[in-house]
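Breakdown of the fold
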Amino acid sequence: MPAISIDLSVDLSVVVPAHNEEERLGPTLDAITGYLRDNEGRFGAWEVVVVDDGSTDRTRDIVIAACDAEDRVRLVTGDRNRGKGHALRLGVLATRGRRVLVTDADLAAPIDELEVLDKALAEGYSAAIGSRAAPGATIERPQSRPRRLLGRAGNVLIRRTAVPGVRDTQCGFKLYDGDRAREAFAASRLCGWGIDVEILRHFRRSHWPVTEVPVRWAHQPGSKLRPLGYVRTAGELALLKARSARPADLLAVAVFLLMAVGLYAGRWVDPDHRYLPDSMQDQNQWEWFFAVTADNVAHLRNPLFTTLQGFPAGVNLMANTAMFGLTVPLAPLTLLLGPAVALALVMTLGLAATAAAWYRLIVRRVVRHRGAAFTGAALAAFAPPMVSHAAAHPNFVVLFMIPLIVERVLRLCAGARVVRDGVVLGLMATYQIFLGEEPLLLASLGLALFAGAYAVVRRDLAKAAWRPLLKGLAIAAAVCLPLVALPLYWQFFGPQSYRNVFHGRFTGNSPLSLLAFAKDSLVAGDEDTANALALNTTEQNAFYGWPLVVLAFAIVVRLWEHALVRALGFTALAAAFLSLGPRFRFPLSHTTAPGPWALFAHLPLFESVIEGRVAMICAPALGLLLAVAIERLARAPHPGNQFLGLTAVAAALVPIVPAPLPAVERAPVPAFITDGTWKSYVHGDETLVTVPLPDSGNAEALHWQTTAHFAFRLPGGYFNGPWGREHIGVYGARPRFTAAMLRDISFTGVRPAIGDTWRAQPRADFAYWKAGVLVLPPQEYQDPLRETVDKLVGRPGKWVGGVWVWDLHGLHG
């Protein structure tokens, strides 16, 4: 919009918005006009524009009287009360001065402070903002403590989202260059208190210099800003942020959301009754985590522990990935819509948010080309290993904090605001710990690999960055550790804690898996090969496909002169090698060799990591490499080179485009549970015991329990808990004779010989579990299981509500 130029015979215009100001406006106008008359030699010709914003008291009469007494006072009226922003817009657009002062009707900053603002404008600034927070400001009468706290919180939000670097945007005393003020207000849209931020953003984006000037300020009674006004201002800031977003950025986020919805389309058809078979039993487990956390929150119980599963020892929920950072705040949603919907929503939105966060980081730090950034972020968030975990592990899908942490670390390296960035990093790390500790550990490893490589190729930058980086990390640790000390103590030393989890000897990736295609790749998916090379369908942690590996190698060679490319290439290569594990087999042979992960395998924390997951670090590294290459292609002068390069990119990416995750009808919950029949068998603190007991191979009982809203407890279960004297982490409860026997029968169908001496231990186990009833649902080896339980209990079971039932009352005695 061209600058709006008015009659410049007026040197200074003063704009005063007013709504129901009959008590304060008269003295304010007297003070302003008196000061300006006395200083006409300094400020020149002047005018005062008062905007009546739909007042219902005598405000308009007071202004009319002032107009009669001084013809340089003018009244502008609004049709109704529409807010401070609308009033200021009307007033500023009605001005004629070379400079425009806006001031609140309470004159909290005295009019004689105009002198310091005018001096700043004379030094070449386009706007001088009166500030209560700038060094040198004088607060003669402060606001109440609640208002100060709300104001400070609002200023932090404003600096983070709208105008970084401005300490006090809301002080109602500002002097503008007249033409630029009229242009900015003409372009403004907000009608509330957020108008100040919108105008300053306009000045910033137009590259018009703005300065903060310390002023004297005194709180005046009768403020029109009510507590609800802070909420409305926050809403206006959100609207302002949305309006300022580039269409390409909004489109990218929308496409990421569509991609996530498409991936989970089969589940969203009917979230309560659809199951992702690739998750094996993890969907049951995660829905249980969401539900039990919501139940603990609703009943004001300790969210870190429960005996609803694994009775009587219970479950240390902090030692399991319960994702309190989401399950606790989303407890009302889980209680309202159910855990299946809550989990589906978290995984869908979390995946889209992760892609959007990588996109934001790439645009801000790597490339400006939006298409290149979109492609890189899509690969980082929807790479084959991410899709594999998307079937089962929200803690490896909801990773939106990781790019934010990476960016904050990069800010620390710049050394501009080390203390603030260190504090923010500490808070971010704290929150990520409550989303997932293992992803944070892997992200830290990836950052360390990248930092080491970058330091080698850019020693000059490393030399300048290491001091502020270490200082910031120390500050972050000082902020984070006290906040997580109690939960981490509970995790590692609380009830049912464990030292580490043993996953097996060969949990690293096969070298072939780095070149092969995942099961869920739409075009080149190879289920047989993927299943042969991976632990299971949820742990296909590599599978980038040989075309992408070849393309990444070509990018590194072609752009070798760029330090960023070399560091990213090293990071991806190092992560791929580490993911091979402490020992790995050479392809097509039985020969093994020590792997690089042996350096980490026995370190605290790292000893519980499934080392194949380290290859997930490659996803963002490859995404950033791809973004750099595509931006270079977009700038290539020859269309032929562009065509060949983009064809190579398409050839690498199309084979790994993910197919929608398969979903099936969920196994129905027996009527014995849904109609409440179980209540006549389970009394007081007794438990319901399923046959076999729930474990990592069959956790449907957890779904029964959430359906019954945790009205009964379960022995056994699917969780991580301790085993043995050394408290090694295992999946499920400590094994007991009866549980192991029933589990073996469910897998093999082989009936053990049951004699009188065999009945003593099962009955002791039933007593240990406080079992009220045994329940056998239909399954493959139902008959041998039923016959075995008949012998253990000493009487036949009954068919009730779709299950076989054995009432154990009287058995323990």
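Source: prediction; values computed, not measured.

Here the focus is helix α18 (residues 401–414). Taking 1.5 Å per residue, 14 residues should reach 20 Å; α18 reaches 20 Å between its end C-alpha atoms and fits that length. Taken across its 14 residues, α18 has 10 buried, putting it largely inside the fold. Buried within α18 we find M401, I402, P403, I405, V406, E407, R408, V409, R411 and L412.

Another point: the packing of aromatic side chains. According to the stated counting rule, one finds 20 aromatic pairs in the structure shown. Measuring from ring centre to ring centre gives 5.9 Å for Y35 and F43, while their planes differ by 45°; the resulting arrangement is tilted. Taken as a pair, Y35 and F43 share a single burial class, namely buried. A centroid spacing of 5.6 Å and a plane angle of 55° characterise the contact between F672 and Y681, whose relative ring orientation is tilted.

The next point concerns the environment of L361. Relative to the elements of secondary structure, L361 occurs in helix α15 (residues 339–365). When its relative accessible area of 5% is taken as the criterion, L361 is described as buried. As for L361 and L404, which are separated by 43 residues in sequence, their C-alpha atoms are 7.4 Å apart. Ignoring anything within four residues of it in the chain, the contact list for L361 reads V366, P403, V406 and E407.

Turning next to the pattern of salt bridges. Using the criterion set out here, one finds 38 salt bridges in the structure. The shortest N-O distance in the salt bridge between R99 and D118 comes to 2.3 Å. One end of the pair, R99, is in strand β4 (residues 97–103); the other, D118, is in helix α5 (residues 114–122), with 19 residues separating them in the sequence. The exposure class assigned to R99 is buried, which follows from its relative accessible area of 11%. The partner of D112 in a salt bridge is R216, with the nearest N and O atoms 2.7 Å apart. Within this pair, whereas D112 is found in the loop between β4 and α5, its partner R216 is found in strand β9 (residues 216–218), the two being separated by 104 residues in sequence. On the accessibility criterion, R216 (25% relative accessible area) is partly exposed. What emerges from the salt-bridge pattern is a single network uniting R37, E40, E70 and R72.

Sheet strands pair by backbone hydrogen bonding; their relative direction is either parallel or antiparallel. Reading across the sheet, the 7 strands line up as β3-β2-β1-β4-β7-β5-β8 and stay open at both edges, with mixed pairing between neighbours. Of all strands in the sheet, those with a lone pairing partner are β3 (73–77) and β8 (210–214), marking the two edges. Strand-to-strand twist across the sheet, computed as the mean angle between neighbouring axes with direction ignored, equals 20°. Across 5 bridges, β4 lies against strand β7 (residues 173–177) in antiparallel orientation. Across the sheet, T103 pairs through a bridge with F173, a residue of β7. Strands in contact with helix α1 (residues 25–38) are β1 (10–18), β2 (46–52), β3 and β4; relative to β2, the strand with the most contacts, it is inclined by about 165°.

Taken as a whole, the chain shows an average pLDDT of 90; of its residues, 92% reach a score of 70 or greater. Note that pLDDT drops below 50 for residues 1–6; the model gives that stretch 14 contacts with residues more than four away or on any other chain.

This part takes up the packing of helix α7 (residues 178–187) against helix α8 (residues 195–205). Think of two packed helices as two axes; the pair is described by the angle between the axes and how far apart they sit. Where α7 meets α8, the axes come as close as 9 Å, and the angle between the chain directions of the two elements is 120°. Here α7 is positioned oblique relative to α8, judged by the angle of their axes. The handedness of the crossing between α7 and α8 comes out as right-handed. When α7 is examined against α8, the residues R180, A181, E183, A184, F185 and A187 are found in contact with a partner set consisting of I195, E198, I199, H202 and F203. Residues of the contact of α7 with α8, tallied by class, amount to 7 nonpolar, 1 polar and 3 charged.

Scoring rules and cut-offs
- Residues numbered from 1 in each chain as written.
- Predicted model: local features only at pLDDT ≥ 70, side-chain atom pairs only at ≥ 80, totals over all residues.
- Heavy atoms only, no water.
- Helix = DSSP H or I, 4+ residues; strand = E, 2+ residues; numbered from the N terminus.
- Expected span 1.5 Å × (residues − 1).
- Buried < 20%, exposed > 50% of the residue type's maximum accessible area, 1.4 Å probe, protein only.
- Phe/Tyr/Trp six-rings, centres within 6.5 Å; stacked < 30°, edge-to-face > 60°.
- Contact = heavy atoms within 4.5 Å.
- Salt bridge = Lys/Arg side-chain N within 4 Å of Asp/Glu carboxyl O.
- Pairing = 2+ DSSP bridges.
- Axes fitted to C-alpha atoms, helices over the stretch in contact; angles between N-to-C directions.
- pLDDT = per-residue confidence, 0-100.
- Parallel < 35°, antiparallel > 145°, perpendicular 65-115°, else oblique.
- Left-handed = near helix turned anticlockwise from the far one by under 90°.
- Nonpolar A, V, L, I, M, F, W, Y, C, P; charged D, E, K, R; others polar.

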